[in-house]
Amino acid sequence: EPGVYVEQIDFLGKAVELFGVSGADQTTISGDGTGPVVRFSGNEGSGSVIRGLTISDGYAHEGGGVLVQEASPTLTDLVIRSNSAEEQGGGVLVYRGEPTIERTVFSGNMTEAYGGGIHIETGTVVFNHVEFVENVSVSGGAVSARTSSITMANLRFVGNFTYYEGGALYIK
């Protein structure tokens with residue numbers, strides 16, 4: 001059903017698909033400022049999917065909107081907006097993961113360190129048709145990555161900001 005749902009979702013290693021029937025503009029999962037909104041940390045594979053949702057208002061030490069830790073989920077047709085983290089990955093944190101991210105907009109996410117939109121740490125990420133709009137961090141306003149592999153196709157960066165280095169990309 002369309003609407004706003006205040007939730008925190010943990011896939012618990014399951015290969016399930018969570019989707020908004022009416023799309024991201026009609027269905028929002030709000031973290032209400034308490035931890036990552038969606039968590040993949042149980043070796044989930046590509047059969048673990050979130051699609052057609054807005055993920056918003058998450059707040060965590062790391063990975064405010066979506067936390068991908070040692071997992072390889074599929075994130076598609078999403079809006080990931082207004083999430084924040086104290087350290088890394090305001091919108092998404094990937095740690096030793098291999099997600100595929102398609103047709104997704106990262107907007108208005110922030111962190112006090114790396115990757116306002118997304119931070120990738122020792123991971124492999126495939127981006128296709130992704131937009132980064134007005135994300136903020138100290139390094140890597142839109143995307144930051146360390147010891148990682150990134151494949152990018154059809155990306156758009158608009159108005160991302162950093163206080164130090166890499167308004168769009170910071171790769172180390």
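Residues numbered from 1 in each chain as written. Predicted model: local features only at pLDDT ≥ 70, side-chain atom pairs only at ≥ 80, totals over all residues. Heavy atoms only, no water.

### Focus: the pattern of salt bridges
Once their charged atoms are close, side chains differing in charge can pair, the charge on each being opposite to the other. Convention followed: We count a salt bridge whenever a side-chain nitrogen from Lys or Arg sits within 4 Å of a carboxyl oxygen from Asp or Glu. A helix here means a DSSP run of H or I that spans at least four residues, while a strand means a run of E at least two residues long, and both kinds are numbered starting from the N terminus. Each residue is assigned to one of three classes by its accessible area relative to the maximum for its type, calculated with a 1.4 Å probe on protein chains only: buried under 20%, partly exposed between the two thresholds, exposed over 50%.
Tallied over the entire structure, the rule returns 5 salt bridges. Taking the shortest distance from any N to any O, the salt bridge between Arg 96 and Glu 70 comes out at 3.8 Å. Of this pair, Arg 96 sits in the loop between strand 13 (92–95) and strand 14 (100–107) while Glu 70 sits in the loop between strand 9 (66–69) and strand 10 (74–76); the two residues are 26 residues apart in sequence, bridging distant segments of the chain. A relative accessible area of 48% means that Arg 96 is categorised as partly exposed. A salt bridge links Arg 103 to Asp 77; the nearest nitrogen and oxygen atoms lie 2.8 Å apart.

### Here's the deal with the side chain of Ser 139
For clarity, the cut-off: It only takes one pair of heavy atoms within 4.5 Å for two residues to be counted as in contact.
Looking at where Ser 139 falls in the secondary structure, it is placed in strand 18 (residues 136–139). The exposure class of Ser 139 is buried, given its relative accessible area of 3%. Setting aside residues up to four positions removed in sequence, Ser 139 forms contacts with Ala 113, Tyr 114, Gly 115, Ser 144, Thr 162, Tyr 164, Glu 165 and Tyr 170.

### Looking at the nonpolar core
Within soluble globular proteins, side chains that are nonpolar generally end up buried alongside one another. Basically, it comes down to this: Put simply, a nonpolar core is a bunch of buried Ala, Val, Leu, Ile, Met, Phe, Trp, Tyr and Cys residues held in one set by side-chain atoms that sit within 4.5 Å of each other.
Among the nonpolar cores identified, the biggest contains 27 residues, and Val 66 and Ile 118 are the most heavily contacted of them. Contributions of two or more residues to this core are made by strand 5 (38–40), strand 9, strand 13, strand 14, strand 16 (118–121), strand 17 (124–133) and strand 19 (143–146). Per element, the largest residue contribution to this core is 4 residues, and it comes from strand 17. Ignoring anything within four residues of it in the chain, the contact list for Ile 118 reads Val 92, Val 94, Ile 101, Phe 106, Phe 127, Phe 132, Ala 142, Val 143 and Ser 144.

### Focus on the packing of aromatic side chains
Let me state the cut-off plainly: Two rings from Phe, Tyr or Trp (for Trp, the six-membered ring) form a pair when their centres are within 6.5 Å of each other. A pair whose planes differ by under 30 degrees is stacked, one over 60 is edge-to-face, and the rest are tilted. In this scheme, Lys NZ or Arg CZ marks a charge over a ring once it lies within 6 Å of the ring centre and within 35 degrees of the ring normal.
Per the counting criterion, the structure on display carries 6 aromatic pairs. Pairing Phe 132 with Phe 157 gives two aromatic rings, centres 5.3 Å apart and planes at 10°, and the pair type is stacked. A residue pair is termed long-range when its members are at least 10 positions apart, and Phe 132 in strand 17 and Phe 157 in strand 20 (residues 149–158) qualify at 25 residues. With a relative accessible area of 30%, Phe 157 lands in the partly exposed category. Ring geometry for Phe 161 versus Tyr 163: centroids 4.9 Å apart, planes at 90°, classification edge-to-face. Given the relative accessible area of 41%, Phe 161 is considered partly exposed. Accessibility expressed as a relative area gives 61% for Tyr 163, which makes it exposed. Through a chain of ring-to-ring contacts, the aromatic side chains of Phe 106, Phe 127, Phe 132 and Phe 157 assemble into a single cluster. Taking NZ or CZ as reference, Arg 51 lies 4.8 Å from the ring centre of Phe 19, over its face. Taking NZ or CZ as reference, Arg 146 lies 4.4 Å from the ring centre of Tyr 114, over its face.

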